[in-house]
Amino acid sequence: MTTIETSRLLLRPLKLTDLEDLAQIYSDPEVMRYRLFPKPASLLETQAFLESYIEHWQRYGFGRWAIIYKANEQLIGHCGLEHIELLNEVEVNYLLASQYWGQGLATESAIAVVNYGFQVQQFERLVALAKPDNLASLRVMEKIGMSYHNKIRLHNIEWTLYEIKRQLH
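These figures come from a predicted structure and were not determined experimentally.

(A) Representation of the packing of aromatic side chains. Per the counting criterion, the structure on display carries nine aromatic pairs. Judged by centre distance (5.2 Å) and plane angle (85°), the rings of Trp57 and Trp65 are edge-to-face. For Trp65, a relative accessible area of 0% puts it in the buried group. A ring pair is formed by Tyr148 and Tyr162, whose centres lie 6.0 Å apart and whose planes are at 85°; its orientation type is edge-to-face. Of this pair, Tyr148 sits in strand E7 (residues 147–154) while Tyr162 is found in strand E8 (residues 157–165), placing the two residues 14 residues apart along the sequence. The partly exposed category is assigned to Tyr148, whose relative accessible area is 45%. Taken together, the ring pairs in this structure connect Tyr26, Phe37, Phe49 and Tyr53 into an aromatic cluster. Between Arg35 and the ring centre of Phe49, over which it is positioned, the NZ or CZ distance is 5.5 Å.

Cut-offs used in this document
Residues numbered from 1 in each chain as written. Predicted model: local features only at pLDDT ≥ 70, side-chain atom pairs only at ≥ 80, totals over all residues. Heavy atoms only, no water. Phe/Tyr/Trp six-rings, centres within 6.5 Å; stacked < 30°, edge-to-face > 60°. Buried < 20%, exposed > 50% of the residue type's maximum accessible area, 1.4 Å probe, protein only. Helix = DSSP H or I, 4+ residues; strand = E, 2+ residues; numbered from the N terminus. Lys NZ or Arg CZ within 6 Å of the ring centre and 35° of its normal.

Distances and angles like these do not, on their own, reveal function.
Structure, rendered in structure tokens:
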């Protein structure tokens, strides 16, 4: 499993020992607001998410990386690639602790993950989903070179779907 380094971040696969740090992030209502399950997660719920992320790596050979902020060596969120079975697509996703918002860190990590998806995994196309009112996430999608594709309903929720294709990358 690959580690990726950017100027300010170290991305490494998530592991079970990340549970406490991740639970702290997942307990913040603002962080969780735009997710599929838009409420703060308990420690047990966070553990279930974390175990599913680790299992995704084992099943597909790619997944979510822990985002480690090099300046303080803290886990500040995660970013990665997820196979979405219902769409038969690979999604770029990112989540940061709220105190790290607005610093370009989601964009920095997402660019690294897109590069990995195209260069290492050889994907032809990547997508990203956001709730239509999640303007910060939509901005990140545009900054990493994605373009609007359409609106879809998934799990009875409306999402905005963006895409990027390898030949443009």
